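Chain residues, written in single-letter form:
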Amino acid sequence: KFEAVTMAPPDPILGVSEAFRADTSDAKLNLGVGAYRTEELQPLVLNVVKKAEKKMLESGENKEYLPIEGLAAFNKATAELLLGADSPAIKEGRVATVQGLSGTGSLRLGAAFIQRYFPGAKVLISSPTWGNHKNIFNDAGVPWSEYRYFEPKTVGLDFEGMMADIKDAPSGSFILLHGCAHNPTGIDPTPEQWEKIADLIEEKGHMAFFDVAYQGFASGSLDQDADSVRLFVKRGLEILVAQSYSKNLGLYAERIGAINAVVHSSDVAVRVKSQLKRLARPMYSNPPVHGAKIVANVVGDAALFDEWRAEMEMMAGRIKTVRQRLYDDLSTKDKSGKDWSFVLKQIGMFSFTGLNRAQSDNMSDKWHVYMTKDGRISLAGLSLAKCSYLADAIIDSYYN
Ligand code: PMP
């Protein structure tokens, strides 16, 4: 009977928004969820999205089901954005792409694929990582453990720890890697470190599983943000890649993304794709069409594509400006001599402040600033006007 159902705990990220809504203070600031806001702290629908939607409406497209694997034009566009339009892997038919329910659904499909075809294989995830990764692999029945990633002393990457843990994992493990703009730390390996990670994964017979949720959003360049993935492909390594258009095209609620397997031959790609479709069919049958058509229209039209890139640069640029202002305010207000330069070194949407749970509680309880309890703040939810207030809140929480 339903009577026996117990209360589920609130989601650690989406729960922050609930607490924010319940706060009646005028000073309140929601830096929890990673969603882009304008300087006025309003959600933004990109101009290219509006233009693509207008085009779609005018052409009177129907609402028929998509095939299980999704919209062909989207799948082609998304693989090309990821790997480059001239990618040999694409030309050789070695990429299996299936449209997914944004980044989360694509990761979930990848996890189901691992569970079915690599039973017992372990997934290694970074410590820390985006809160939903553990849920995804738990629910898919895939065992996971963590590799070291964050070094609190330097507020930087624990590269040695990361390499040692990847080395110690049983051969044939899947190593979950954030393609760019690591969430929550904002700390990415350098190009040289990526080379070493690829060496080790190859040597150990592991498989990289990339989560690419911020392509174009971290640096402002779609190509630069895909360098990590392309490095693995160039070396001929087989990989899985989940993609999301939530952030870079602002299509959060459209649930548009993809799971890609880059494999050794076209023959294998056809089989892998058939199995991904087989997993998708009983889960949700086929994916939604609207976001897929938006992406296909934007990428398929040279003028819209250029405009998208400009809008992405604008979003990435605003976040960088806010990051700089927050750093300036922290450095001038804090008289202790503490080095806040880690704020500037981090990239992407977030800053990992180093605030612990109690300090994060002080941020919300005393200052009405809502953030995840791991110390992560979303700079995309911050305006220049609020930087000074936020710096006061961080300094107060940090030293009290
Ligand atoms: N991976 C990471 C690292 C993320 O930060 C996010 C979004 N917060 C996602 C995946 C997936 O998001 P979505 O399902 O909205 O595409």
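Computed from a prediction, not measured in an experiment: that's the story for all the values here.

We now examine the pairing of strand 7 (residues 174–178). Among the five residues of strand 7, five are classified as buried, and the element is accordingly described as predominantly covered. A two-sided burial pattern is seen for strand 7, the buried positions comprising Phe 174, Leu 176 and His 178 on one face and Ile 175 and Leu 177 on the other. Here strand 3 (residues 123–127) runs beside strand 7; their pairing, made up of two bridges, is parallel. Across the sheet, residue Val 123 finds its bridge partner in strand 7, namely Phe 174. Taken together, the five bridges between strand 7 and strand 8 (residues 207–212) define a ladder with parallel strand orientation. When the bridges of strand 8 are listed, Ile 175 appears paired with Ala 208. As for the winding sense of the linkage, the β-α-β connection from strand 7 through helix 8 (residues 191–204) to strand 8 is right-handed.

Spanning 19 residues, helix 10 (residues 266–284) covers 26 Å between terminal C-alpha atoms, matching the ideal 27 Å at 1.5 Å per step. For helix 10, the set of buried residues is Ala 269, Val 272, Gln 275, Leu 276, Leu 279 and Ala 280. The arc enclosing the buried residues of helix 10, seen along the axis, measures out at 140°, which places them on a common side. For helix 10, the exposed residues lying more than 90 degrees away from the buried face are Val 270, Arg 278 and Pro 282. Close packing links the buried residues of helix 10 with strand 2 (95–101), helix 5 (102–117) and strand 10 (256–262). Following helix 10 by one or two positions, Ser 285 adopts a phi angle in the positive range, close to 70°.

The subject of this paragraph is the layout of surface pockets. A volume near 700 Å³ is recorded for the largest pocket. Contributing to the lining of the largest pocket are 32 residues, with Thr 104, Trp 130, Asn 132, Lys 247 and Arg 255 lying nearest its centre. Looking at the lining of the largest pocket, the elements with two or more residues in it are helix 5 and helix 6 (132–139). For the lining of the largest pocket, the leading source of residues is helix 5, giving four residues. Within the lining of the largest pocket, the residues separate by chemical class into 14 nonpolar, 13 polar and five charged. Mapping the lining of the largest pocket onto the domain boundaries places at least three of its residues in each of domain 1 (2–33 + 307–399) and domain 2 (65–300).

We note that the domain assignment places domain 1 (2–33 + 307–399) and domain 2 (65–300) within the chain. A separation of 27 Å is found between the C-alpha centroids of domain 1 and domain 2. Listed per partner, the contact involves 20 residues of domain 1 and 28 residues of domain 2. Summing both partners gives a buried area of about 1,900 Å² for domain 1 against domain 2, and 71% of it is carried by carbon and sulfur. Of all residues in domain 1, the largest losses of buried area upon contact with domain 2 belong to Trp 308, Ile 347 and Phe 352, amounting jointly to 34% of the total for that side.

The rules we used
Residues numbered from 1 in each chain as written. Predicted model: local features only at pLDDT ≥ 70, side-chain atom pairs only at ≥ 80, totals over all residues. Heavy atoms only, no water. Buried < 20%, exposed > 50% of the residue type's maximum accessible area, 1.4 Å probe, protein only. Helix = DSSP H or I, 4+ residues; strand = E, 2+ residues; numbered from the N terminus. Pairing = 2+ DSSP bridges. Right-handed = clockwise from strand over helix to strand, strands pointing away. Expected span 1.5 Å × (residues − 1). Arc of directions from axis to C-beta. Contact = heavy atoms within 4.5 Å. 1 Å grid on protein atoms, 1.4 Å probe; cavity = no way out; pocket = protein on both sides within 12 Å on 5 of 7 lines; lining within 4 Å. Points joined across faces, edges and corners; volume = space filled by probe spheres on them. Nonpolar A, V, L, I, M, F, W, Y, C, P; charged D, E, K, R; others polar. Domains from an automatic or database assignment. Buried area = accessible area lost by both parts, 1.4 Å probe.

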